[in-house]
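# Residue-level structure breakdown
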Amino acid sequence: MAKRRRLNPDDVFGVAHDSETLKLREEIASLKRRYESALKQLDAERARADSIASLSGIKPVKLARQKKSSSRNPATMVCLISDVHCEETISREETNGLNQYSLDICERRLAELQHRFLGMLEHERQIADIDRVVIWLGGDLVSGHIHEELAERNSLAPMAACRWVGARMRGFIDAVADNAGQVIVATSSGNHGRSTPKQRCQTELDHSFEHHLYLTMAAAENKQNIQWQVAGGELNYLDLDGFLIRFLHGFSIKYSGGVYGLALPAMKAIHAWDASRRADLTCFGHYHAFGWLRAGRYVSNGSVIGHSAYTVRIKAGYEPPCQAAIVIDHHRNEVTRALPIWCDKDLRT
């Protein structure tokens, strides 16, 4: 059996000494790193302080004031009006408190729409020469009786509803005409105001209450600065000094849901129509959702009626009642602004 070596006290002391020395060296290295980091931070703070101090010597330089030019870019302002559904009745209970609707509320929202649009028109005239206004009556101004529940709940019969909303549209058009040199009223018929249970293709307008309303109003027009362009089919093209707008209600754009929302089916439809006749801008409603896609060259309109039991049923997102305003700059030959015209004051008071 091997003998165990006895530890020398000097050796034990040497190991302990070396261990302590190593620990001290590590502490010194750590302190050195922290010291160097503190020096760097101090230098950075000094540089920052010098930069701030150097700004104190900056003196104001007056920018050249641009002279007011009497020649502003010519522009046209467009107001989209669709999906009013004036005679429908909506209770707060069926929309979880988000909306209610009646003839009285519809009238207040249309009055707010007129007030806001005229204000926007005046505002845009600060930077553009806007003498011409286009008003699009885009369909579904009435709801009609295409569903049994509409016949049960609507506050007016279809023809009475047409007369009611027609009087309000007449007042809106006249108010704009009093504030513009030229007004063009372009029309599209919706899918609601019809006399047939199902939509038709070739004879659709012959069964449209709205189309009859448009023709009647156009025939009775007595203001010299108002021009009507009533659609003879689904697509209504309006040429504004070389800028071509395509109007349609929008029911032929088949929204199928999904992450791309309305943009993808709208762009597909526009691409197909452009193969026959290219338009610089396409305007439609039907889906009760405001949207502007500059690259897709379209503006989709909101609604006056707002949220309903139907939108709850199809799981559509909530959108306050609104319509749309568009500014077309003819010098640039493009849309420079498209924005919603909110008409939801009754829901916020």
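Residues numbered from 1 in each chain as written. Predicted model: local features only at pLDDT ≥ 70, side-chain atom pairs only at ≥ 80, totals over all residues. Heavy atoms only, no water.

### Re the overall build of the protein chain
Operational definition: Put simply, DSSP H or I for four residues or longer makes a helix, DSSP E for two residues or longer makes a strand, and each gets a number counted from the N terminus. Two residues form a contact once any of their heavy atoms are found within 4.5 Å. Per-residue accessibility takes into account occlusion by the displayed protein chains alone, with areas from the Shrake-Rupley method and a 1.4 Å probe. In this tally, Asp and Glu contribute negative charge and Lys and Arg positive charge; neither His nor the terminal groups of the chain are included. Positions of charges follow a simple convention, taking NZ of Lys, CZ of Arg, CG of Asp or CD of Glu.
Helices and strands together make up the secondary structure of the protein chain, namely 7 helices and 11 strands. For the protein chain, the spread of C-alpha atoms along the three principal axes comes to 120 × 70 × 45 Å. Long-range pairs, those at least 24 residues apart, make up 69% of the contacts in the protein chain with a sequence separation of at least 6. In the form shown here, the protein chain has an accessible surface area of approximately 20,800 Å², with 53% of it arising from carbon and sulfur atoms. Distance between charge centroids for the protein chain: 8 Å, based on 45 positive and 42 negative side chains.

### Brief notes about the nonpolar core
Where a protein is soluble and globular, its nonpolar side chains tend to be buried together. Short version of the rule: Note on terminology: a nonpolar core comprises buried Ala, Val, Leu, Ile, Met, Phe, Trp, Tyr and Cys residues joined through side-chain atoms within 4.5 Å. Relative accessibility under 20% of the residue-type maximum defines a buried residue, over 50% an exposed one, and the middle range a partly exposed one, all with a 1.4 Å probe and only protein chains included.
Grouped together as the largest cluster of nonpolar side chains are 46 residues, with contacts concentrated most on Ile81, Val84, Phe117, Ile135, Leu137 and Val165. Those elements giving two or more residues to this core turn out to be β1 (74-81), α2 (103-124), β2 (129-137), α4 (158-177), β3 (182-187), α5 (209-219), β4 (226-229) and β10 (322-329). Among the elements that take part in this core, α4 stands out by supplying 9 residues, more than any other. Setting aside anything within four residues of it in sequence, one finds Val84 in contact with Tyr101, Cys106, Asp140, Leu141, Val165, Val304 and Ile305. Membership of the second largest hydrophobic core comes to 19 residues, among which are Trp136, Leu240, Val299 and Val335.

### As for the pairing of β2
Counted only if it meets this: Two strands are said to pair when DSSP picks up at least two bridges between them. The crossover handedness rule: strands pointing away from the viewer, path from first strand over the helix to second strand clockwise, crossover right-handed.
Within β2, 7 of the 9 residues are buried, leaving the element largely enclosed by the surrounding structure. Pairing analysis gives 8 bridges linking β1 to β2, with the strands arranged parallel. Its bridge partner lying in β2, Val78 is registered against Val134. The handedness of the β1 to β2 crossover, carried by α2, is right-handed.

### Description of the environment of Tyr237
Stated formally: Two N or O atoms count as a polar contact when they lie within 3.5 Å, although within protein this holds only if one can serve as hydrogen donor and the other as acceptor, and sequence-adjacent residues are included solely when both atoms are side-chain atoms.
Note that Tyr237 resides in strand β5 (residues 236-240). Spatially, the C-alpha atom of Tyr237 lies 9.2 Å from that of Thr282, the residues being 45 residues apart in sequence. Tyr237 has contacts with Gln229, Leu244, Ile245, Arg246, Trp273, Arg277 and Ala279, leaving out every residue within four places of it along the chain. Engagement of the side chain of Tyr237 in a polar contact is seen with the side chain of Arg246, the distance being 3.0 Å.

### As for the sheet that holds strand β11 (residues 334-342)
Going by this rule: Convention adopted: a line fitted to C-alpha atoms gives each axis, helices being fitted over their contacting stretch, and angles between N-to-C directions are expressed from 0 to 180 degrees.
A sheet is described by the order of its strands in space; here 6 strands give the open sequence β4-β3-β2-β1-β10-β11, paired in mixed fashion. Both outer strands of the open sheet, β4 and β11, are each paired with one neighbouring strand and no more. This sheet shows a mean twist of 20° between the axes of neighbouring strands, independent of strand direction.

### Comments concerning the packing of α4 against α5
As a reminder of what qualifies: For classification, angles of less than 35 degrees are called roughly parallel, those exceeding 145 degrees roughly antiparallel, those between 65 and 115 degrees roughly perpendicular, and all remaining angles oblique. If you view the pair so one helix is near and one far, a crossing is left-handed when the near helix is turned anticlockwise from the far one by less than a right angle, and right-handed when it is turned clockwise. Each residue gets one of three labels, nonpolar for Ala, Val, Leu, Ile, Met, Phe, Trp, Tyr, Cys and Pro, charged for Asp, Glu, Lys and Arg, and polar for the others, Gly among them.
The geometry of α4 relative to α5 is characterised by a closest axis approach of 10 Å and an angle of 40° between their N-to-C directions. By the angle class used here, α4 and α5 are oblique. Pair α4 / α5 crosses with right-handed handedness. Between α4 and α5, the contacting residues are Pro158, Met159, Cys162, Val165, Gly166, Met169, Arg170 and Ile173 on the first element and Phe209, Glu210, His212, Leu213 and Met217 on the second. Classifying every residue of the contact of α4 with α5 gives 9 nonpolar, 2 polar and 2 charged.

### Topic: the sheet that holds β5
The strand order β5-β6-β7-β9-β8 describes an open sheet built from 5 strands, whose pairing is mixed. Each edge of the open sheet carries a strand with a single partner, namely β5 and β8 (291-293). Looking at each pair of strands side by side, their axes are set apart by 15° on average, direction ignored. Relative to strand β9 (residues 298-300), β8 is paired through 3 bridges, and the arrangement is antiparallel. Directly across from Trp292, in β9, lies its bridge partner Val299.

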